[in-house]
Amino acid sequence: MPRTRPPSMADVAAEAGVSHQTVSRVLNGHAYVRDDTRERVLAAIRALGYRPNQAARTLATSRSATVGIVTTGTTHYGPASTVLAIEEAARAGGYFVSIAALDSREPGAAAAVLDQLITQGVDGIVVVAPLVDVARLVDEVSPRIPVVVVAARRDAPEDSPVRYVAVDQRAGSVRATTHLADLGHERIAHIEGPTGWFDAIERSRGFSDAIDRAGVQGTIVPAQGWSARHGYEVGVRLAEDVGRGRITAVFAGNDYLALGATRALWERGIRVPEDVSIAGFDDIDGSGFLVPSLTTVRQPFARLGAAAVRGLIEAWDGAEASDGATIEPEVVVRESTVPPRG
């Protein structure tokens, strides 16, 4: 029988098997909701097509219920997936979304794009800042509304009014490198992402930390970008050392670099994983269907998006930042990593 009325919060609660109050907490971004419960509620919202009453919320809170998102315009997998996750989390929470691209690194550029969004009446802004120089542009701004920056940054000014959320890139790198060492690899190379990217910096740092802890040999080889072509170029440079057994495993800064390196090695008769193990980072769509399937680090983008929106809500409420501002990734072990030969 067709539904004769729009779905209500009570319908969402019944669908998710939770209380009305729990649905309200999820919609309002409260930190004290278990991740699995939050996912059940969001799944029920999507399944039912529930939409909160924006007019009522605006009257009750004196806010426009609109969130601004600032991007750098990059189509790279991590930042693009982060923007989509923030947008989904905002919309699931009943917020409208306005997106603006920061297309300049000149002084004052960040202030201009934030002012553009503020003029549109947004209540808060999330800045996806994977690049060091973008984050430093935001440092120059004294925002008039809450701002959350998504960046794996260690040097954020202590007196900054903005809040930071991020996936722990270093931890993911440590786990991937440790996985290779635990398999018995004692000579591991890291294909490092391009300079100026927080993710590349933290993944390289994690690799070095894990190598030191494991007491194995590590080599860092920089790539000039994030693409498979850049990975191929590095793979060509690594081929001789891999062929002679001086490197038995490679941890690439992202999955595309891993794909390119795998191709370069294959063209030179070096097989993955028989001759060398390769791991990546990001768990891009399709990485589990490659031949061999790719061991990688999975970033929980949905949780990252929810954390960014929750950071805005906490700022609106005058609350301290919650402990969930740093999201832990996980290693997904597949066919491309095995113990070394011999």
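Preceding block: the structure.
Note that the structure is a prediction, hence the values are computed from the model and not measured.

(A) Inspection of the overall build of the protein at higher detail. For the protein, the count of helices and strands is 12 helices and 12 strands. With the C-alpha coordinates of the protein rotated into their principal frame, the extents come out at 70 × 55 × 30 Å. Residue burial in the protein is summarised as follows: out of 342 residues, 53% are buried. Partitioning the contacts of the protein with sequence separation of at least 6, the portion at a separation of at least 24 is 72%. Here the protein displays about 15800 Å² of accessible surface, and carbon together with sulfur accounts for 50% of that area. Between the centroid of the 35 positive side chains of the protein and the centroid of its 42 negative side chains there is a distance of 3 Å.

(B) How the structure looks around unusual backbone geometry. Cis geometry marks the peptide bond from Val272 to Pro273; its omega dihedral reads 5°. Of note, Pro273 is situated in the loop between helix 11 (255–267) and strand 9 (277–279). Following Val291, the chain continues to Pro292 via a peptide bond in cis, the omega torsion being 0°. Here Pro292 is to be found in the loop between strand 9 and strand 10 (296–298). In the Ramachandran plot, Asp282 falls in the positive-phi region, its phi being about 125° despite a non-glycine side chain. One non-glycine residue, Asp283, lies in positive phi territory at about 60°.

(C) Broad picture of the pattern of salt bridges. Inspection of every chain in the model, using the stated rule, returns 25 salt bridges. The salt bridge involving Arg170 is made with Asp209; its shortest N-O contact spans 2.8 Å. With Arg170 in helix 8 (residues 169–182) and Asp209 in helix 9 (residues 198–214), the pair connects residues that are 39 residues apart, well separated along the chain. Its salt-bridge partner being Arg298, residue Asp283 comes within 2.7 Å of it at the nearest N-O pair. Of the two residues, Asp283 sits in the loop between strand 9 and strand 10 while Arg298 sits in strand 10, which places them 15 residues apart along the sequence. Classification of Arg298 by relative accessible area gives partly exposed; the value is 33%.

(D) Main features of the environment of Tyr256. Note that Tyr256 resides in helix 11. Distance in space between the C-alpha atoms of Tyr256 and Leu180 is 19 Å, their sequence separation being 76 residues. Setting aside residues up to four positions removed in sequence, Tyr256 forms contacts with Tyr77, Trp226, Ser227, Ala228 and Ile284.

(E) Just the pairing of strand 3 (residues 124–128), in detail. The buried count for strand 3 comes to five of five residues, which makes it a mostly enclosed element. Side chains Gly124, Val126 and Val128 project from strand 3 onto one buried face, and the interleaved Ile125 and Val127 project onto a second face that is buried too. Sheet topology note: the strand 3/strand 4 (residues 147–150) ladder contains four bridges and is parallel. The residue of strand 4 that forms the bridge with Val128 is Val150.

What counts as what
Along each chain, the written sequence defines residue order, and numbers are assigned to residues from 1. Residue-level local features of this predicted model are given only where pLDDT is at least 70; pairs of side-chain atoms are given and counted only at 80 or more, and the full residue set underlies all totals for whole chains, interfaces and linings. Only hydrogens and water are removed before side-chain values are computed, so all heavy atoms of the structure are retained for them. Starting at the N terminus, helices and strands are each numbered in turn, a helix being any DSSP run of H or I of at least four residues and a strand any DSSP run of E of at least two. Burial classification: accessible surface area is computed with a 1.4 Å probe over protein chains only, and a residue below 20% of its type maximum counts as buried, one above 50% as exposed, and the rest as partly exposed. The contact rule is simple, with two residues in contact once any of their heavy atoms fall within 4.5 Å. For accessible areas, the Shrake-Rupley method is used with a probe of radius 1.4 Å. Any residue's cover is judged against the shown protein chains and nothing else. His residues and chain termini do not enter the charge count, which takes Lys and Arg as positive and Asp and Glu as negative. To locate a charge, take NZ of a lysine, CZ of an arginine, CG of an aspartate or CD of a glutamate. Salt bridges, as used here, are contacts in which a Lys or Arg side-chain nitrogen is within 4 Å of a carboxyl oxygen on Asp or Glu. Two strands pair under a simple rule: DSSP has to find at least two bridges between them.

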